[in-house]
Structure formats: C-alpha cells, structure tokens
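# Secondary and tertiary structure notes
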Amino acid sequence: MKIIIINGPNLNLLGKREPEVYGKTTFEEYFATLQFKFKEVQLEYYQSNIEGEIINKLHDCGFEGYEGIILNAGAYTHTSIGIGDAIKGITTPVVEVHISNTFGREEFRHTSYISPAAKGVILGFGLKSYDLAIQSFLIKD
C-alpha cells in the first residue's frame, strides 16, 4: 500500500510554532515514527506553503499509484475552494487531518472546504491524527 501525507502552510514549523497547540516534535521526526510503525505501508511526505503546489501534488497523486492521500491543508482548509475542488476531481481517496481540534478554536476554523470531498476527517488527536488516518486506509470495508 502506498500513501502520501501532504501538509500545507506552516506545518514545516511543527516543533517550533505554538508548541502548546502543536507540540514540540517536528513533522520529520514524527514521520520517521510513522514509517517505523507502519512498515507494511510505503509512506511518502510532501509539504508546501503554496496553495497551487498543493493542488498540483493532489493532481499528481490523485489518479494512480497511491491508495490514499492524507491531507492537512492547515489554514487553507478554511479558505481554499481550489483545494476542495482538486479533491473532488481526483479518484484517490483523501482523509483530512488536523492536529488540533479545529472546533475548539476560532470560529473561522469551524469551516472546511475539504471535508465535503474527503473520505473522512480526523482532528484533535495531536500528531496521532496521522496514525488514525493511516489506519483508516488499512481497514478493509
């Protein structure tokens, strides 16, 4: 099984930015943990702070070669109709992930342009949200 994790803006600052919300672990450190834990899965990781690059990556991965996409679009979740439309246009299932409970935060974070097109949404479990997303692809329907 091949899964890609796509992270959006400011997630390259994990471990530095708002550690009280996002923790002190960098995503690269956590990604190594995921690779060790899910040895049976070929995991890839991509991060960009640029909306169009995220859309291009979704297009690149969205039709063949991947069984799943895990997307944490960061703040673009609440602003990007384009990313939502990109997910609607691809065939690879996408699970939306957030480290924090977005519903426990500012009102503008309660809206997602990704959720309506996603296979599912996992939020509020810290970095473990990514574990849960991977597991969701391993469960046979």
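Within each chain, residues carry numbers counting from 1 in the order of the written sequence. Under the rules for a predicted model, residues below a pLDDT of 70 receive no local features and side-chain atom pairs below 80 are neither given nor counted, while totals for whole chains, interfaces and linings still include all residues. The side-chain numbers reported here are obtained from all heavy atoms of the structure, hydrogens and water having been left aside.

Per an unreviewed UniProt entry, the protein chain goes by the name 3-dehydroquinate dehydratase and belongs to Arenibacter algicola. As recorded by UniProt, the Sequence similarities (unreviewed entry) comment attached to the protein chain reads in full: "Belongs to the type-II 3-dehydroquinase family." UniProt positions are given in the numbering used here, feature names are shortened, and annotations may be inferred rather than shown by experiment.

## Topic: the nonpolar core
Ranked by internal contacts, the top residues of the largest apolar core, which has 22 residues, are Leu34, Ile70, Tyr130 and Ile134. Numbering of helices and strands runs from the N terminus; a helix is a DSSP stretch of H or I covering at least four residues, while a strand is a stretch of E covering at least two. Counting only elements with at least two residues in this core, the list comes to β1 (2-7), α2 (27-37), β4 (94-98) and α5 (128-138). We call two residues contacting when some pair of their heavy atoms lies within 4.5 Å. Excluding anything up to four places from it in sequence, Ile134 contacts Ile3, Leu34, Phe38, Val41, Leu43 and Ile70. Throughout, nonpolar core names a set of buried Ala, Val, Leu, Ile, Met, Phe, Trp, Tyr and Cys residues whose side chains join them through atoms within 4.5 Å. We call a residue buried when its accessible area falls under 20% of the maximum for its residue type, exposed when it is over 50%, and partly exposed in between, using a 1.4 Å probe and counting protein chains only. Grouped together as the second largest cluster of nonpolar side chains are 18 residues, Tyr66, Ile87, Ile90 and Ala118 included.

## Examining the UniProt feature "binding site: substrate" (unreviewed entry) in the protein chain
Taking the numbering used here, the UniProt-annotated feature "binding site: substrate" (unreviewed entry) corresponds to Asn72, His78, Asp85, Ile99, Ser100 and Arg109. Mapped onto the elements, His78 comes out in the loop between β3 (68-72) and α4 (81-89). Accessibility expressed as a relative area gives 11% for His78, which makes it buried. Relative to the elements of secondary structure, Ile99 occurs in the loop between β4 and β5 (120-123). The class for Ile99 is buried, based on a relative accessible area of 4%. With residues near it in sequence (within four places) discarded, Ile99 still touches Leu11, Leu14, Val21, Tyr22, Asn72, Gly124, Phe125, Gly126, Leu127, Ser129 and Tyr130.

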